[in-house]
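# Coordinate inspection notes
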Amino acid sequence: MTADSRGWFQDHHVLSTAEAGGLGGPRALEDFLRDAAAGVCVLAPDLRYVYANDAYRRITGESPDRLAGRSPGNSAKQYLEPAGLLAEVLSDGIPRGRATGPGDGCRTTCVRLEERGTVVGVLCIVIEDPSTELQSELRLARVRSAAADEAVERIGTSLDERRTCGELAHFVTSWLGGAAAVELLPSLPAARTPALPSSMLRVAGAGPVELLGNGELEGAARSAADRAVGSGLPATEHGPGAGTAVLAVPLAASADRSGADDVIGVVVLARVGSPYAAHDLALARHAVRRAAVGVRHSREFAAEQRKAVDLQRALLTEPGKPHPNLQLATRYLPVGGSDLVGGDWFETVRLHYGRTLLVMGDVMGHGVEAAVEMNTYRGMLRDTAAADLPPHRVLRRLDLAIADTVARPATCLLVRIDPARGLGSFASAGHLPPVVFTRDGTADLVDVPAGPPLGTGLGGYELVTRELTADETLLLYTDGLVERRGEDIDASLARLTRVRQQSGTPVEELVDTVLRELDAEHAEDDVALLAARLRPRRSAG
């Protein structure tokens, strides 16, 4: 670099160079270039630095130490020497611009500097291409949008909290890689009650969960989880392995209408490689928020379902006490799916002369309304049965009474047991036929004509009688016990008749066996059962 070059630059641009400390003069242009966003440098004809501003050094990575008189370093050459850019400009004096830098993310323009026909240097301006950064941001925005859409579709597809947490774990690992574990409090905390990490249980995991610990959170994973739960904010840690990153995000949702969020769990992620970036955190937090809302909804639904079940059981209570000459066993199982409890009910009514009226009914529909109407049917039946009429006439009177109300229709099966005569009298209002387990353990359907459901006002109920002995067991049930989606009702009833019981099996044990053999816990509707058996007569003396 020559003194003439420095002088020309100072004289024509009132700019002092890196080595012009002793030369005075205005510094307006130098101040302007120092604050410019574009990188600017001046090179002498021998391609050594005369000047470079801060932006140029930042973009190219050039060290500011003893810059003047030095040739561009390797990091700067990718911005100045693509395809002989500087040589061509110095040779013919035609300004040129090229895409430069990593990924062509910048644009460099070079202009030859002359003084009275003499080439004194070259001015280079390096501008970071805003379109490249914009395209990167757009791509990231599209990725975030796609992830958000997928989270909506994949997380919270049911009211099963464990399934929701499993969906969360698989979602975050599919997008962020590595492993994920989800831990939850066993129940919803009271509003504004601090969550204790030690009381949380792992409910789901995905990926190589050993990165998080041996069966439970350990080390960095435990530390990050504790900080996230304690602060209600995401926390990061470095794992014990080389290049292992850990991220913990609390699951928080409002416990009441106040809008305040309470921590109900935490998801902990770990991966080997790059640390979690800001966009990774944004994706994880979005997914976790969806999962937290889903978990809270599932728990609130479960609480409401328990209330409905308790209400129905309070209404149902225990059936009326039969005469001592009859053994009785009952069961009620609410459906385990998405519907609330229904209107299944049973009852026993004492009649004169040691007789007992057995009742099994099913109000159409589900929910608290069906449970309340079930109690209406029950009360009206007690009043009607007090007249000690035959079962088919009881159904007829009850049908007419219900038809004058707004109650929902219901099916109903009545059986009047007369132990002294060893007879059962049957009448059905659209209900499934009862089963008798005989002394040899087989199950026989009782052929009872099914009249119209109660509440239609149509009547037309028939009476059927059958002998009953002390070594036989009568079973009444609702359709939830046997009916399965897509299965013919005859096939459903055949499954029930294939159940075998040993002679003398206690009534309570018999009922449990039937429930187990027909997988009643996974039934698609509520299940109610009533089993009755005559007590053997005591011999005189």
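Once a new chain begins, its residue numbering starts again from 1 and follows that chain's sequence as written. Thresholds applied to this predicted model are a pLDDT of at least 70 for local features of residues and 80 or more for the giving and counting of side-chain atom pairs; totals over whole chains, interfaces and linings are not thresholded and use all residues. Each side-chain value is worked out from all heavy atoms of the structure, with water and hydrogens disregarded.

Per the secondary structure count, the chain includes 13 helices and 20 strands. Across the 541 residues of the chain, 46% fall into the buried class. Long-range contacts, defined as pairs at least 24 residues apart, comprise 60% of the intrachain contacts of the chain with a sequence gap of at least 6. Note on conventions: DSSP H or I runs of at least 4 residues are helices, E runs of at least 2 residues are strands, and numbering of each starts at the N terminus. Here the term buried applies to any residue with accessible area under 20% of the maximum for its type, exposed to any over 50%, and partly exposed to those in between, with areas from a 1.4 Å probe on protein chains only. What makes two residues a contact is simply this: any of their non-hydrogen atoms within 4.5 Å.

Take helix α7 (residues 161-176) next. Between its first and last C-alpha atoms α7 spans 22 Å; for 16 residues at 1.5 Å apiece the expected length is 22 Å, and the two agree. By the burial criterion, the buried members of α7 are Thr164, Cys165, Gly166, Glu167, Leu168, Ala169, Phe171, Val172, Thr173 and Leu176. Whenever two N or O atoms come within 3.5 Å, that pair is a polar contact, provided that in protein one can donate a hydrogen and the other can accept it, and provided that, for residues adjacent in sequence, both atoms are side-chain atoms. Its side-chain oxygen placed 3.0 Å from the backbone nitrogen of arginine 162, aspartate 160 serves as the N-cap of α7. One or two steps after α7, the chain reaches glycine 177, where phi turns positive at roughly 75°. The span one expects for a helix is its residue count, reduced by one, times 1.5 Å.

With respect to the element layout, arginine 154 can be found in helix α6 (residues 130-154). Under the relative-accessibility criterion, arginine 154 is labelled partly exposed at 28%. Taking the C-alpha atoms as reference points, arginine 154 and threonine 164, separated by 10 residues in sequence, lie 8.7 Å from one another. Arginine 154 has contacts with Glu167, His170, Phe171 and Ser174, leaving out every residue within four places of it along the chain. Polar contacts involving the side chain of arginine 154 include one to the side chain of serine 174, which spans 3.3 Å.

Okay, the confidence of the model for the chain next. pLDDT is defined as a per-residue confidence score from the predictor, taking values between 0 and 100. Scored by pLDDT, the chain has a mean of 84; 85% of the residues are at 70 or more. Looking over the chain, one finds the lowest element-wise mean pLDDT in helix α1 (residues 3-13), namely 44, and the highest in strand β15 (residues 423-429), namely 97.

Let us look at the environment of leucine 358. Position of leucine 358 relative to the elements: it lies in strand β13 (residues 356-366). For leucine 358, a relative accessible area of 0% gives the class buried. In this structure the C-alpha to C-alpha distance between leucine 358 and phenylalanine 426, which are 68 residues apart in sequence, comes to 9.5 Å. Residues within four places of leucine 358 in sequence aside, it is in contact with Leu326, Leu328, Glu347, Thr348, Leu413, Leu414, Val415, Ile417, Leu474, Leu476, Leu530 and Ala532.

Turning to the nonpolar core, a few remarks are in order. What we call a nonpolar core is a set of buried Ala, Val, Leu, Ile, Met, Phe, Trp, Tyr and Cys residues that are connected through their side-chain atoms within 4.5 Å. The biggest cluster of nonpolar side chains holds 31 residues, and the ones touching the most others in it are Leu168, Phe171, Val182, Leu251, Val267 and Leu269. Contributions of two or more residues to this core are made by α6, α7, β6 (179-184), β7 (201-206), β9 (244-254), β10 (261-272) and α9 (278-316). Counting residues per element, this core draws most heavily on α9, which supplies seven residues. Excluding residues within four positions of it along the chain, leucine 168 makes contact with Ile155, Val182, Leu251, Val267, Ala287, Val288 and Ala291. Judged by nonpolar contacts, the second largest core, of 24 residues, contains Ala329, Tyr477, Leu496 and Val499.

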